[in-house]
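Survey of secondary and tertiary structure
For reference, the chains in residue letters:
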Amino acid sequence: MTEWHDLREDLVAQVCERRISPAVADALRAVPRHVFLPEVPVHAVYQDDAIVTKRDAEGRPISSSSQPAIMALMLDQLGVEPGQRVLEIGSGTGYNAALLSHLVGPEGQVVSVDIDADLVARARDHLERAGYPEVIVVCGDGAEGFAPRAPYDRVIATVGVWDLAPAWLDQLGPGGRVVAPLDLHGVQRSVALERADGHWRSRSVVPCGFMRMRGPSAGPETTRVLDPGSDLTISLPEGGEIGDLLTALDGPVTELFSEVNTGLAQLVDGLSLWLAVREPRWCTLSETQPGRLASGPLDLRGFKMVIGIVEGDSLCVLESEAYDTLVARAFGPDAARLAGDLVAHIEAWDRAGRPMTDGLRVDAHVGAVPVGGLVIRKRHTTLVLSWDTG
């Protein structure tokens, strides 16, 4: 007993370094995460890590218990108050629903929707065991929300979403707020939105990374395994055709050095976002075994990822050399041109003051959209991105 209590306190202390609110910190202390992950060793449960809980037939992760720090930041974005009604999209293990239930208190109500019947059954069992049987867990397409319990004061999606579902916005009451990990051409940002002047305006934006929503509302992004030996995988945010990239990677390399030096945080947050929202050829490559990727922005034990651009049989990826100098490494018949394009993006981002997620504003419009701004068109909404330069 004492062991997991101490581990939980250590985890909460670590998460509190992200400056979360006292209310959310209290929820993390109150809800025992290990009850929602009974098959995971307790020392792993109380690490600040996401834990995969379900994979598909091909071994790809499709459900998890999210990283506690990200959960805490999103709960603060949501701004839950006692007595409120909350709709959660993506039940997972039920842990986040329990945190929400603690925050709304006995006078509030939490409804959680998940597309997988087995996850719904497990979440209900976990919530019962943890002392939160009042949470309503529903099996269904999360994009439809849950109208029988509407209106809601808050809606939160705990899966990556390509667009804001009309049902979520319709089921929010006056003064309501929605928080969702929105896809911005292949990168995700947790965006808290409220109604303002006939559209939805962000109150806060936080970097994040979630497994994507499945079902009819899934986006066009695709992932393809290029090399099963190293698990080399390419992700294309808008789908599309690619050529013989393995042959290109086995061929000559063209390197073009930029004059920009940067650290990991600016690279993963700022430059990745810049490329994603401006470059239609944007892609990411990853591998879990040593193979074809050299030093990349994200190089962890057992996982390596690089960002870049792809066109036909040619590919250019961004890598870092000594002193964090950014280098474009290109392969294929159009290697030189792609390297020049990637370095041009790097230098443009640098000249623009290296914009990051901090300062990003997202306006979501349904129907008519004002002229101007950086526009991302979705099925149901149009997003307009801008940065606070003040």
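About the thresholds
- Residues numbered from 1 in each chain as written.
- Predicted model: local features only at pLDDT ≥ 70, side-chain atom pairs only at ≥ 80, totals over all residues.
- Heavy atoms only, no water.
- UniProt positions renumbered as here; feature names shortened; annotations may be inferred.
- Helix = DSSP H or I, 4+ residues; strand = E, 2+ residues; numbered from the N terminus.
- Rg over C-alpha atoms; globule rule 2.2 N^0.38 Å.
- Contact = heavy atoms within 4.5 Å.
- Lys, Arg positive; Asp, Glu negative; His and termini not counted.
- Charge placed at Lys NZ, Arg CZ, Asp CG, Glu CD.
- Axes fitted to C-alpha atoms, helices over the stretch in contact; angles between N-to-C directions.
- Parallel < 35°, antiparallel > 145°, perpendicular 65-115°, else oblique.
- Left-handed = near helix turned anticlockwise from the far one by under 90°.
- Nonpolar A, V, L, I, M, F, W, Y, C, P; charged D, E, K, R; others polar.
- Domains from an automatic or database assignment.
- Buried area = accessible area lost by both parts, 1.4 Å probe.
- Salt bridge = Lys/Arg side-chain N within 4 Å of Asp/Glu carboxyl O.
- Polar contact = N/O pair within 3.5 Å; in protein donor to acceptor, adjacent residues only side chain to side chain.

The name an unreviewed UniProt entry assigns to the protein chain is Protein-L-isoaspartate O-methyltransferase, from the organism Streptosporangium canum. In its Subcellular location (unreviewed entry) section, the UniProt record describing the protein chain reads: "Cytoplasm". Recorded in UniProt under Sequence similarities (unreviewed entry), the annotation for the protein chain is "Belongs to the methyltransferase superfamily. L-isoaspartyl/D-aspartyl protein methyltransferase family."

Moving on, we get to the overall build of the protein chain. When helices and strands are tallied, the protein chain shows ten helices and 20 strands. Since a compact globule built from 390 residues should have a radius of gyration of about 21 Å, the 22 Å found for the protein chain is in line with a globular shape. A separation of at least 24 residues holds for 59% of the contacts in the protein chain among residues at least 6 apart in sequence. Within the protein chain, the 54 negative side-chain charges are centred at a point lying 3 Å from the centre of the 35 positive side-chain charges.

The interhelical angle for the contact between helix α2 (residues 22-30) and helix α5 (residues 95-104), taken along N-to-C directions, is 125 degrees, at an axis separation of 9 Å. Here α5 runs oblique to α2, going by the angle between their axes. Once α2 is placed against α5, the crossing between them reads as right-handed. For the pair α2 and α5, contact is made by Ala-23, Val-24, Asp-26, Ala-27, Leu-28 and Ala-30 and by Tyr-95, Leu-99, His-102 and Leu-103, respectively. When the residues that make up the contact of α2 with α5 are grouped by side-chain class, the tally is eight nonpolar, one polar and one charged.

Another aspect to go through is the domain arrangement of the protein chain. Considered domain by domain, the protein chain is made up of domain 1 (4-207) and domain 2 (222-352). Taken over C-alpha atoms, the centre of domain 1 sits 32 Å from the centre of domain 2. On the side of domain 2, ten residues touch domain 1, which itself brings eight residues to the contact. Buried area between domain 1 and domain 2, both sides added, is near 670 Å², and the carbon and sulfur share of it is 52%. Seen at the junction of domain 1 and domain 2, the total is one salt bridge. In this structure, the salt-bridge partner of Arg-189 is Asp-269, at a minimum N-O distance of 3.4 Å. Along the contact surface separating domain 1 from domain 2 lie three residue pairs in polar contact (both at pLDDT 80 or more).

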